[in-house]
Amino acid sequence: MSLPELERFVWCVKRDPRLLQDLLAGEAQAFDGYSLSSEEMTALSTGDIAALWTLGIHPLLLVQFARILGVRGEAYYQKLAHLKDTRVMSSTS
Amino acid sequence: MTDPVTRSVNGVVMAAATSHAPHISAFPDRAPEEQRAAVYSAMTRLGTDLIAAMPDLLVVVASDHFTNFRPRDVSQFLVGTNSTFDEIAEDWIGVQRQRVRGAPDFAAALVRAIEDVCSEACGQDLLLEHGVVTPLAWLDPTARYPLVPLLQNCIQPPLPSLEQCFTIGERLNDLAIALNRRIAVVGTGGLSHSPGAPDAGRIDQEFDRHLLRLLEAGDVDQILTIPNERIDRAGFGAWEIRQWATAFGAAAGAPADIYAYEPIPEWETGCAVARFRL
């Protein structure tokens, strides 16, 4: 698992339309230059919001990534509804 | 012509704080009518206060949501040194793009003035997002005042402490006096919320109301020692009360008048608006 790389990838997707295009087209080259596990790559390429949450991605990056994929509002939160209280956000670690 | 007596005092001439949830501008109809009206009325009142205070420039202290801060960024404070701000990062927040003048000289001086408070402060061109522009849609809808955005890291530990933020506010006043400028300082963010998390609609009213009571009392010691664990329980969006601490510092710890507090799950935020009595 490589959470920093996962978050770096999502941050880059927000800013790089070409990278987003490659991701949406299922191009394996989208992940070139990122040290991601197969689990992370699968979650990204399938837009698995719940899996990305469980992998530990920052909620702001997750909701922004979902928005890019067209998953917004109630549809977004429905995907996370069963995951309440599964992570604690700590301001000190 | 401006009254020379009224204009004679430099430094912080107005200090205030407000929530900045993008829902406030993006989804007005989602909030119950009375609550929406209370928040909009309070923010409009701040805009009226701003005009009456006659500032030379406006410092908006906000957090950032991975627009200017990168993941694992070590920066704690980013100061916008832009000559103009022409773009908004988000196209869905219901705020019209408009050209806003910057104040690069003041911004560059601000970086130097806070470097000893936190070494991880830097000045750079910034892209505006809802943390700045949503409140400004009510506070300064015609972009009357030059803008200096000060972005504080409220998204990834280690975060600046509440005490550091309060000191940054004090430095804003010192700098404005040194440069013979009249500035308004508006901190934005909070109160309790958890945007993007499974419990996003949960609002910790006990936390919010306790903080507002302390602000009304101007209780510097109690506010600056709120335990991190307590803030965490109010949701990671509550980390943004650092902006309230900065505005509080800019007001030298003066008590606040609370213009509104509305817990609005539909906006995913405990929405508060306050002005400090200078």
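Scroll up for the structure.
The structure presented is a predicted model; accordingly, all values stated were derived computationally and were not measured.

The interface of chain A with chain B comprises 25 residues on the first partner and 23 residues on the second. Of the roughly 2200 Å² buried at the junction of chain A and chain B (both faces included), carbon and sulfur atoms supply 63%. Linking chain A to chain B there are 1 salt bridge. Ionic pairing is found between A:Glu7 and B:Arg72, a salt bridge with its closest N-O pair at 2.7 Å. Those elements giving two or more residues to the side of chain A that touches chain B turn out to be α1 (3-15), α5 (59-68) and α6 (73-80) of chain A. It is α1(A) that contributes the most residues to the side of chain A that touches chain B, 7 residues altogether. Of the residues that constitute the side of chain A that touches chain B, the class distribution is 13 nonpolar, 6 polar and 6 charged.

Glancing now at helix α9 (residues 241-250) of chain B. Residue and element names in this part refer to chain B. With 10 of 10 residues buried, α9 is to be regarded as a mostly interior element. Taken together, the buried positions of α9 are Ile241, Arg242, Gln243, Trp244, Ala245, Thr246, Ala247, Phe248, Gly249 and Ala250. Just downstream of α9, Ala252 is the residue with a positive phi angle, here 55°.

Attention shifts here to the pairing of strand β10 (residues 269-276) of chain B. Residue and element names in this part refer to chain B. The buried count for β10 comes to 7 of 8 residues, which makes it a mostly enclosed element. Examined bridge by bridge, strand β1 (residues 11-18) and β10 share 3 bridges and lie antiparallel to one another. By the bridge assignment, Ala16 is partnered in β10 with Arg275. In this sheet, β10 lies alongside strand β9 (residues 256-264) in antiparallel orientation, the contact comprising 8 bridges.

Parameters at a glance
- Residues numbered from 1 in each chain as written.
- Chains lettered and ligands numbered in written order.
- Predicted model: local features only at pLDDT ≥ 70, side-chain atom pairs only at ≥ 80, totals over all residues.
- Heavy atoms only, no water.
- Contact = heavy atoms within 4.5 Å.
- Buried area = accessible area lost by both parts, 1.4 Å probe.
- Salt bridge = Lys/Arg side-chain N within 4 Å of Asp/Glu carboxyl O.
- Helix = DSSP H or I, 4+ residues; strand = E, 2+ residues; numbered from the N terminus.
- Nonpolar A, V, L, I, M, F, W, Y, C, P; charged D, E, K, R; others polar.
- Buried < 20%, exposed > 50% of the residue type's maximum accessible area, 1.4 Å probe, protein only.
- Pairing = 2+ DSSP bridges.

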